[in-house]
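What follows is each chain in one-letter form.
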Amino acid sequence: MSSRIASHVRDIPRSGIRDFFEIVQSMKGVVSLGIGEPDFVTPWHIREAAVYSLEKGRTGYTSNLGDPRLRRSIAKYVEKNFSIAYNPHDEIIVTVGVSEGIDLALRALLNPGDEVLYHEPCYVSYSPSIALAGGKAIPVTTRAEDEFVLRAADLEKAVTPRTRLLMLSFPTNPTGAVMPPDELAKIAAFAVKHDLVVLTDEIYSELTYDDLPHHSIAALPGMKERTLFLHGFSKAFAMTGWRIGFACGPNDIIEAMMKIHQYSIMCASTMAQEAAIEALERGQRSMEQMREEYRQRRNFIVSSLNDAGIPCHLPKGAFYVFPDIRSTGLSSKEFSLALLKEKNVAVVPGTAFGASGEGYVRCSYAAALDQIKIAVERIAEFVRK
Amino acid sequence: MDSLIRILRQNSAIPRADLARLLGLTEADVSAKIAKLEADGMILGYHAVINSEQWDAEAVTAAIEVRVSPEREGGFDRIANRIAGFEEVESVYLMSGGYDLLVIVNGSNLREVASFVAAKLSTIESVLSCATRFRLKTYKENGLLHAIEEVPERLSVTP
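Thresholds applied
- Residues numbered from 1 in each chain as written.
- Chains lettered and ligands numbered in written order.
- Predicted model: local features only at pLDDT ≥ 70, side-chain atom pairs only at ≥ 80, totals over all residues.
- Heavy atoms only, no water.
- Helix = DSSP H or I, 4+ residues; strand = E, 2+ residues; numbered from the N terminus.
- Rg over C-alpha atoms; globule rule 2.2 N^0.38 Å.
- Buried < 20%, exposed > 50% of the residue type's maximum accessible area, 1.4 Å probe, protein only.
- Contact = heavy atoms within 4.5 Å.
- Areas by Shrake-Rupley, 256 points an atom, 1.4 Å probe, with all protein chains shown as cover.
- Lys, Arg positive; Asp, Glu negative; His and termini not counted.
- Charge placed at Lys NZ, Arg CZ, Asp CG, Glu CD.
- Pairing = 2+ DSSP bridges.
- Salt bridge = Lys/Arg side-chain N within 4 Å of Asp/Glu carboxyl O.
- Patch = residues over 30% accessible without salt bridge, like charges linked within 9 Å, V, L, I, M, F, W, Y side chains within 5 Å.
- Buried area = accessible area lost by both parts, 1.4 Å probe.
- Polar contact = N/O pair within 3.5 Å; in protein donor to acceptor, adjacent residues only side chain to side chain.
- Nonpolar A, V, L, I, M, F, W, Y, C, P; charged D, E, K, R; others polar.
- Phe/Tyr/Trp six-rings, centres within 6.5 Å; stacked < 30°, edge-to-face > 60°.
- Domains from an automatic or database assignment.
- Disulfide = S-S within 2.5 Å.
- Axes fitted to C-alpha atoms, helices over the stretch in contact; angles between N-to-C directions.
- Parallel < 35°, antiparallel > 145°, perpendicular 65-115°, else oblique.
- Left-handed = near helix turned anticlockwise from the far one by under 90°.

A. Here's a closer look at the overall build of chain A. In terms of helices and strands, chain A carries 13 helices and twelve strands. For a compact globule of 385 residues, the expected C-alpha radius of gyration is about 21 Å, and chain A comes in at 21 Å, within 12% of that figure. By principal-axis analysis of the C-alpha atoms, chain A measures approximately 60 × 55 × 55 Å. Split into buried and exposed, the 385 residues of chain A put 56% on the buried side. The contacts of chain A with a sequence gap of at least 6 include a subset with a gap of at least 24, amounting to 76%. Accessible surface computed for chain A: about 15,800 Å², of which carbon and sulfur atoms make up 52%. In chain A, the 43 positive side-chain charges and the 46 negative ones have mean positions that sit 3 Å from each other.

B. Structural context of the pairing of strand β1 (residues 60-68) of chain B. All names here are of chain B. Pairing geometry for β1 and strand β3 (residues 101-107), over seven bridges, is antiparallel. Residue pairing in the sheet places Glu65 in a bridge with Leu102 of β3. As paired elements, β1 and strand β4 (residues 127-134) share seven bridges and run antiparallel to each other. Bridging from a neighbouring strand, Glu65 pairs with Ala131 of β4.

C. The arrangement of the pattern of salt bridges in detail. Tallied over the full model, the rule gives 35 salt bridges over all chains. As a salt-bridge pair, Arg14(A) and Asp19(A) come within 3.0 Å of each other at their nearest N and O atoms. With relative accessibility at 49%, the residue Arg14(A) sits in the partly exposed group. Note on Asp19(A): relative accessible area 34%, which makes it partly exposed. In this structure, the salt-bridge partner of Arg78(B) is Glu71(B), at a minimum N-O distance of 2.6 Å.

D. Broad picture of a nonpolar patch on the surface. Together, Ile5(A), Val9(A) and Leu132(A) give the surface a local cluster of nonpolar side chains, amounting to about 240 Å² of exposed area. Within the secondary structure, Val9(A) sits in helix α1 (residues 7-10).

E. How the structure looks around the interface of chain A and chain B. At the interface, 35 residues of chain A touch 18 residues of chain B. Summed over both sides, the interface of chain A with chain B buries roughly 2,000 Å², with 53% coming from carbon and sulfur. Looking only at chain A, the three residues that lose the most surface to chain B are Phe21(A), Ile35(A) and Gln296(A), adding up to 24% of its buried area. One salt bridge connects Asp18(B) with Lys373(A), and the closest N-O pair in it is separated by 2.5 Å. Remark: the boundary between chain A and chain B carries 17 residue pairs in polar contact (both at pLDDT 80 or more). Elements supplying a minimum of two residues to the side of chain A that touches chain B: α2 (16-25), α11 (284-307) and α13 (369-384) of chain A. Looking at the side of chain A that touches chain B, the element that brings in the most residues is α11(A), giving ten residues. Each residue belonging to the side of chain A that touches chain B can be placed in one class, and the counts come to 17 nonpolar, nine polar and nine charged.

F. Spotlight on the packing of aromatic side chains. Residues and elements named next belong to chain A. All chains considered together, the criterion is met by 18 aromatic pairs over all chains. Measuring from ring centre to ring centre gives 5.4 Å for Phe40 and Tyr294, while their planes differ by 70°; the resulting arrangement is edge-to-face. Taken as a pair, Phe40 in the loop between β1 (31-32) and α3 (44-55) and Tyr294 in helix α11 lie far apart in primary sequence, 254 residues in all. By relative accessible area, Phe40 is classed as partly exposed at 22%. With relative accessibility at 1%, the residue Tyr294 sits in the buried group. Centre to centre, the rings of Tyr123 and Tyr126 are 6.1 Å apart; their planes meet at 70°, and the pair counts as edge-to-face. Three or more aromatic residues joined by ring pairs form one cluster here, namely Tyr77, Phe82, Tyr86, Phe229, Phe233, Phe237 and Phe246.

G. The arrangement of the domain arrangement of chain B in detail. Structurally, chain B comprises domain 1 (2-39) and domain 2 (52-137). Here the C-alpha centroids of domain 1 of chain B and domain 2 of chain B sit 34 Å apart.

H. Molecular detail of the state of the cysteines. According to the stated counting rule, one finds zero disulfides over all chains in the structure shown. In this structure Cys312(A) is not part of a disulfide, and its nearest cysteine sulfur, from Cys363(A), lies 7.2 Å away.

I. Up close: the packing of helix α4 (residues 68-82) of chain A against helix α10 (residues 270-282) of chain A. Residue and element names in this part refer to chain A. Orientation of α4 relative to α10, taken along the N-to-C sense of each, is 30°, at an axis distance of 9 Å. Taken together, α4 and α10 sit at an angle that is classed as roughly parallel. The two elements α4 and α10 meet at a crossing, and its hand is left-handed. Here Arg69, Leu70, Ser73, Ile74, Lys76 and Tyr77 of α4 come into contact with α10, specifically with Gln273, Glu274, Ala276, Ile277, Leu280 and Glu281.

Here is the structure:
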């Protein structure tokens, strides 16, 4: 019998993380550095705002674009923190996390066979989302010796007449890389030169450390009109399970995304939108406290891995370190599986984030300090052996 | 220095070696900084936060609102320090509003606190009145919730 699954879905591989997750699930007492979400619970004042909205009976649909109050809060927040002014009336759409925003954008912008440039190692969904939207994923490798910065020169080598989009995500999951402003400017010039639309996934943008300012490509001269700015609440405000994010951009793109969104989703959850308003209006302090904790844990895990003889650069953003495990002679997958079986510690193979992640593993420091400590001690024992 | 104080406020029992890694300093640096904070009177001491209701169900805590007549020289300071000197007294704050000093008193039972108020506190010359309020139950203390919260489960590996 021929498969009843559509061929373009059948052709997409399952996420490498998912395979790994199933092995971990079958084991007991695993110390996990494999979790890509904050270990903090959503700050109480945000949860309380959602509870209040339920008590008030705010349980209906909102506008397709999202509650106008939330869109105004988003406009204010993005202008204050990213220096980009968007009109809340028609340049902002509230989405079910950045994941939905990416899917909407790709479906709204790609014709079959259009090519999309993105940097690897990167978040697991980019390549399959591009394929599902009928596009062709063209990864551009970033390198450890370059702290995983994306180089405009490498993009030039990959661009073709079919290239339509450039996807960026800095700070990057899994490398924690951030873009130096001068290189970002070169990438902006590259996008203008080749007339590309830029999707910038800013989900980790609040989480940069050591007072390093975050720069969005959307804020550079001439970029706002060709950039879609995607952001959400999951990482900065510890709100992963609320599934809430937003996209800001030129009205024609937002309008096109809204068409897909209104037929497939209607609107993001009203309760989550209420919580999101509270996060933007009053969440700065809790966000800064969590960021300070991440910064300290980052220092901790980087110094202890390096002391254990596992080379690990100090990432400037997100909450991941991406140590180099090549000295063990194992592949990323072999390393992760053996570490899991022998030491009960879960990390994610670098190859889950693209072929260029080979030789590395992702360790999340969004975990309690005592867990990080135990995990690193066991990794050190594992590597010594 | 801010980060160091913030960490110690949350967990003063943290090993120096961990502190050094968290802050990106050497252990010797950390020890020197802590010694300086102690010498400057910035760090006054280190406590375990005890769930006193569980440890001693008979123990009593009272918040006493004290009105006093300030002195021509020294205002409230001398009298506040005099009250603070008693070992039953845990904390003394000068307050704005309807009374002057808020005095937190611990005792092993009701009688002990009552006799402290009657014999020691209210007999001080410049004390005009005392209103004693007893604690019935503690929900949160020094930033810590008394009910042990269940840690919500997270998926063990996520993208």
